[in-house]
Amino acid sequence: MNEARQQIAISRLLRRLWFWPLATPDNPHYPSGRPDLICLNPGCGEGIVVECKMMIHEAKAPWRNCTFPFSRIEPRQRLWLNNYTADGGKAFLALATPHGRAGTYQNPRLAWLVPWKDWLSTEAKLRAIKHLSLALIDRQGLHNRVKLQERELFAYTTLAPWGLTWLPKKGWTVRPSHPLWVWPQRDLAKFSAKWKED
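The sections below set out a description of the structure shown in this document. These figures come from a predicted structure and were not determined experimentally.

Our next topic: the overall build of the protein chain. What the protein chain contains, in helices and strands, is six helices and nine strands. Put simply, the protein chain has 198 residues, and 44% of those count as buried. Taking the contacts inside the protein chain whose residues are at least 6 apart along the sequence as the reference set, 58% of them involve residues at least 24 apart. When the accessible area of the protein chain is evaluated, it comes to approximately 11400 Å², of which 55% is carbon and sulfur surface.

Applying the stated criterion across every chain, the model contains four aromatic pairs. Centre to centre, the rings of Phe68 and Trp119 are 5.7 Å apart; their planes meet at 70°, and the pair counts as edge-to-face. A residue pair is termed long-range when its members are at least 10 positions apart, and Phe68 in strand β4 (residues 67-69) and Trp119 in helix α3 (residues 116-128) qualify at 51 residues. An identical accessibility class is assigned to Phe68 and Trp119; each is buried. Look at Phe70 and Trp119: their rings are 5.9 Å apart centre to centre, the planes differ by 80°, and that puts the pair in the edge-to-face class. Of this pair, Phe70 sits in the loop between β4 and α2 (75-86) while Trp119 sits in helix α3, and the two are 49 residues apart along the sequence. Just as Phe70 is buried, Trp119 falls in that class too. The structure contains a cluster of three or more aromatic residues connected by ring pairs, namely Phe68, Phe70 and Trp119.

A cluster of basic side chains, namely Arg12, Arg15, Arg16 and Lys170, defines a positive patch on the protein surface. Inspection of the secondary structure assignment puts Arg16 in helix α1 (residues 3-16). Residue Arg16 is classed as partly exposed on the basis of its relative accessible area, which comes to 38%.

On to the pairing of strand β6 (residues 111-115), then. The element β6 is extensively covered by neighbouring structure, given that five of its five residues are classed as buried. Residues Ala111, Leu113 and Pro115 point to one face of β6 and Trp112 and Val114 to the other, with burial holding for every one of them. As paired strands, strand β5 (residues 90-96) and β6 are joined by five bridges and run antiparallel to one another. Following the sheet pairing, Ala94 is matched in β6 by Leu113.

How each quantity is defined
- Residues numbered from 1 in each chain as written.
- Predicted model: local features only at pLDDT ≥ 70, side-chain atom pairs only at ≥ 80, totals over all residues.
- Heavy atoms only, no water.
- Helix = DSSP H or I, 4+ residues; strand = E, 2+ residues; numbered from the N terminus.
- Buried < 20%, exposed > 50% of the residue type's maximum accessible area, 1.4 Å probe, protein only.
- Contact = heavy atoms within 4.5 Å.
- Areas by Shrake-Rupley, 256 points an atom, 1.4 Å probe, with all protein chains shown as cover.
- Phe/Tyr/Trp six-rings, centres within 6.5 Å; stacked < 30°, edge-to-face > 60°.
- Patch = residues over 30% accessible without salt bridge, like charges linked within 9 Å, V, L, I, M, F, W, Y side chains within 5 Å.
- Salt bridge = Lys/Arg side-chain N within 4 Å of Asp/Glu carboxyl O.
- Lys, Arg positive; Asp, Glu negative; His and termini not counted.
- Charge placed at Lys NZ, Arg CZ, Asp CG, Glu CD.
- Pairing = 2+ DSSP bridges.

So, in structure tokens, the structure goes:
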């Protein structure tokens, strides 16, 4: 799966949550730093923005050796997301593993939809111990990752609250505890009642 296919999968997920996602493709001649998806929500009057990224996997390495270097989020993208959240907007980082099959144990495809502010705190914890990337998982107990193991700073554990669940023939969905599930459902009854009146 590449970033374009991930963007489509996240768009489908957001449509099921009453959002209207609009893709904003990057222009190589004029990089603006805009997020990949700008999602309107007419029911709540609020929208969200989503930046889609993929973890990096080296060829011929086990699936668990995926990493996400923080440099993959460009400075302009960071500035855009920081300014948007500072103005009261809700921003998310969609992160996924590059290959595998969702729902399998041997080589699973994993995805997370992390609130931007929570992502920044995770990144700060890793930078504090001089790590410039987030590893997927470390089942091998490698000696050079002792500090990470002590703090459980791996995507598999740290990003677990924002993990997406795969539903066969439907795609990704958020868990009921995810902030993106709780937030739109809050005003869904009000929106449905208003829509019936009109």
